[in-house]
Amino acid sequence: MNVPMAGTGSPASSPQAHASGGGADKVLHVYRITKYDPADRDEQGSYVGPEDVYSDHGPVEAAYLAAVAAFAEETGITHLAIREPEVTGYVSFGVEPPIDGHGLAGLFPPDLTGYHDGALVPLAVALELVRAMLRDNGAWCRLHVEDRFFVHVGYDQYVYVGSALPCPHAVALTHHRGLFAEPISQSPYDPQLDQDDVGRRPADAAFWAELDALIIERGAVVLEERYVSNASRWHRITPDEVTAIRARLAPRARLLVWPDLSTDVEAALAGLPDDGFAEIVWQNSQGHITSLTVDESNSPALPAILAAARAMMILSGWADEREPLMTAVLPDPDGVLRARWTP
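From a predicted model like this one, the values you see are computed outputs, not experimental measurements.

**Student:** So what's going on with the sheet that holds strand β10 (residues 254-259)? Which residues, and what values?
**Tutor:** Taken in spatial order, the four strands line up as β9-β8-β10-β14 in an open sheet, and their pairing is antiparallel. Only two strands of the sheet have a single partner each, and these edge strands are β9 (231-237) and β14 (326-329). Taking the axes of each pair of neighbouring strands and ignoring which way they run, one obtains an average angle of 20° across the sheet. In the sheet, β10 pairs with β14 via four bridges, with the strands oriented antiparallel. Directly across from R254, in β14, lies its bridge partner V329.

This is the structure we're talking about:
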């Protein structure tokens, strides 16, 4: 079955859509924190009570944040690592509409520098990320301290916290604030449940040597730098530009190498698929490269949007129809590949 290239980009994302190094295998105490009274669940465990699935953006949301803070503080956590970060994609399953900036405005610069897999943030920033996920603002990530602590936000105001300690005071505070902290065996967003990541290639010396040879052979290629899920930067690379572009890549980014853009814009547009669902990658007169996912709803606006395009290519909107020339994932400076992008 074809699936869209762009993912959900929301807290409602399926756990299978994400991957992580640094699992929760040694975290012994896991709690499901919700506003839903366990007494109002049916025999299958589904909630059938009166509470809705929206954040109130008020005292209930504040209670969630206080609960997460209490568990972190009782565990001795001051900083957490961002894992598998996302922003809003072409499709969103959140119950509230995403907002401009994905809920990250004020936390990270507009270009999202610092919002990447493995980035370490203080607890205060982590709590604001939890707030954005509760509100379906568009950003999603796991928050981890390896083997000690995690926070996962799922569908419908479900929050999962794991700690190496039982945290009785945090449990009591959660209940006092009107929420429920239920002990469970495992978070449904545990990275151990992710799809197998076999087939990932590190962007090591061999990869860069192969890329150099490909660029010399073709004259230029386009490098897609997927720095978070559902967001990419695009670079047209000629033989003398590899070193400079390589130095600017985000940590743990997934790299996809595509053929060079076509300067025959009219012919490229003629290659749009019959169903109209595609990603258009184009370069403007200033040399900047951007992309846009198109379908029947926005295709009439394409002539105006692409008026300044001087080169472009068309990529299928369906993941299983996209075939890059090469792919790899950036390892950490010590050479270890810790980001687990799915192939």
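**Student:** Any chance you could break down helix α1 (residues 59-75) for me, citing the residues and the numbers?
**Tutor:** Its 17 residues place the ends of α1 24 Å apart at the C-alpha level, agreeing with the 24 Å of an ideal helix rising 1.5 Å per residue. Residues of α1 that are buried: E61, A63, Y64, L65, A67, V68, A69, A70, F71, A72 and T75. Buried residues belonging to α1 abut β1 (29-34), α2 (123-134), β5 (149-153), β6 (159-163), α3 (168-176) and β7 (180-184). Immediately downstream of α1, the backbone of G76 shows phi near 85°, a positive value.

**Student:** Quick rundown of the nonpolar core? Include the residues and the values.
**Tutor:** Counting 56 residues, the largest nonpolar core has I33, F71, Y115 and L143 as the members making the most contacts within it. At nine residues, α1 tops the list of elements feeding residues into this core. When sequence neighbours within four positions are dropped, the list of residues in contact with Y115 reads I82, P85, E86, V87, L104, F108, L129, A139, W140, C141 and V228. Grouped together as the second largest cluster of nonpolar side chains are 18 residues, A203, F207, W208 and V242 included.

**Student:** Give a detailed account of the sheet that holds strand β4 (residues 140-145), specifying residues and quantitative values.
**Tutor:** Across the sheet, seven strands lie side by side as β3-β2-β4-β5-β6-β1-β7; this open sheet has antiparallel pairing. In this open sheet, the two strands that pair with only one neighbour each are β3 (120-122) and β7. Mean inter-strand twist for the sheet, computed between neighbouring axes without regard to direction, equals 30°. Of the strand pairs in this sheet, strand β2 (residues 79-86) and β3 are connected by three bridges, and their pairing is antiparallel. Along β3, the bridge assignment pairs H79 with P122. Each of β1 and β7 touches α3; the most contacted strand, β7, lies at about 135° to it.

**Student:** Can you explain the packing of aromatic side chains? Please cite residues and give values.
**Tutor:** Across all of its chains, the model carries nine aromatic pairs by this definition. One aromatic cluster in this structure is built from Y36, Y47, W140, Y158, Y160 and Y189. One cation-aromatic arrangement involves R233 over Y227; the distance from NZ or CZ to the ring centre is 3.7 Å.

**Student:** Let's hear about a negative patch on the surface: which residues, and what values?
**Tutor:** The grouping of D274, D275, E296, D320 and E321 at the surface amounts to a negative patch. Within the fold, D320 resides in the loop between β13 (311-316) and β14.

**Student:** Outline the packing of α1 against α2, supporting the account with residue identities and numerical values.
**Tutor:** At a minimum axis distance of 10 Å, the contact between α1 and α2 shows a crossing angle of 145°. Handedness of the crossing formed by α1 with α2: right-handed. Packed against α1, whose contacting residues are E61, Y64, L65, V68, A69, A72 and E73, the element α2 presents L123, L127, V130, R131 and L134 at the interface. Looking at the contact of α1 with α2, its residues break down into nine nonpolar, no polar and three charged.

**Student:** How would you explain unusual backbone geometry if you had to name every residue and give the values?
**Tutor:** Here H57, not a glycine, exhibits a phi torsion of approximately 55°, which is positive. Mapped onto the elements of the fold, H57 is located in the loop between β1 and α1. H57 gets classed as partly exposed once you look at its relative accessible area, which sits at 38%. Unlike most non-glycine residues, L112 shows phi in positive territory, near 65°. Note that L112 resides in the loop between β2 and β3. For L112, a relative accessible area of 10% translates into the label buried.

Analysis parameters
Residues numbered from 1 in each chain as written. Predicted model: local features only at pLDDT ≥ 70, side-chain atom pairs only at ≥ 80, totals over all residues. Heavy atoms only, no water. Pairing = 2+ DSSP bridges. Helix = DSSP H or I, 4+ residues; strand = E, 2+ residues; numbered from the N terminus. Axes fitted to C-alpha atoms, helices over the stretch in contact; angles between N-to-C directions. Expected span 1.5 Å × (residues − 1). Buried < 20%, exposed > 50% of the residue type's maximum accessible area, 1.4 Å probe, protein only. Contact = heavy atoms within 4.5 Å. Core = buried A, V, L, I, M, F, W, Y, C linked by side-chain atoms within 4.5 Å. Phe/Tyr/Trp six-rings, centres within 6.5 Å; stacked < 30°, edge-to-face > 60°. Lys NZ or Arg CZ within 6 Å of the ring centre and 35° of its normal. Patch = residues over 30% accessible without salt bridge, like charges linked within 9 Å, V, L, I, M, F, W, Y side chains within 5 Å. Areas by Shrake-Rupley, 256 points an atom, 1.4 Å probe, with all protein chains shown as cover. Salt bridge = Lys/Arg side-chain N within 4 Å of Asp/Glu carboxyl O. Lys, Arg positive; Asp, Glu negative; His and termini not counted. Charge placed at Lys NZ, Arg CZ, Asp CG, Glu CD. Left-handed = near helix turned anticlockwise from the far one by under 90°. Nonpolar A, V, L, I, M, F, W, Y, C, P; charged D, E, K, R; others polar.

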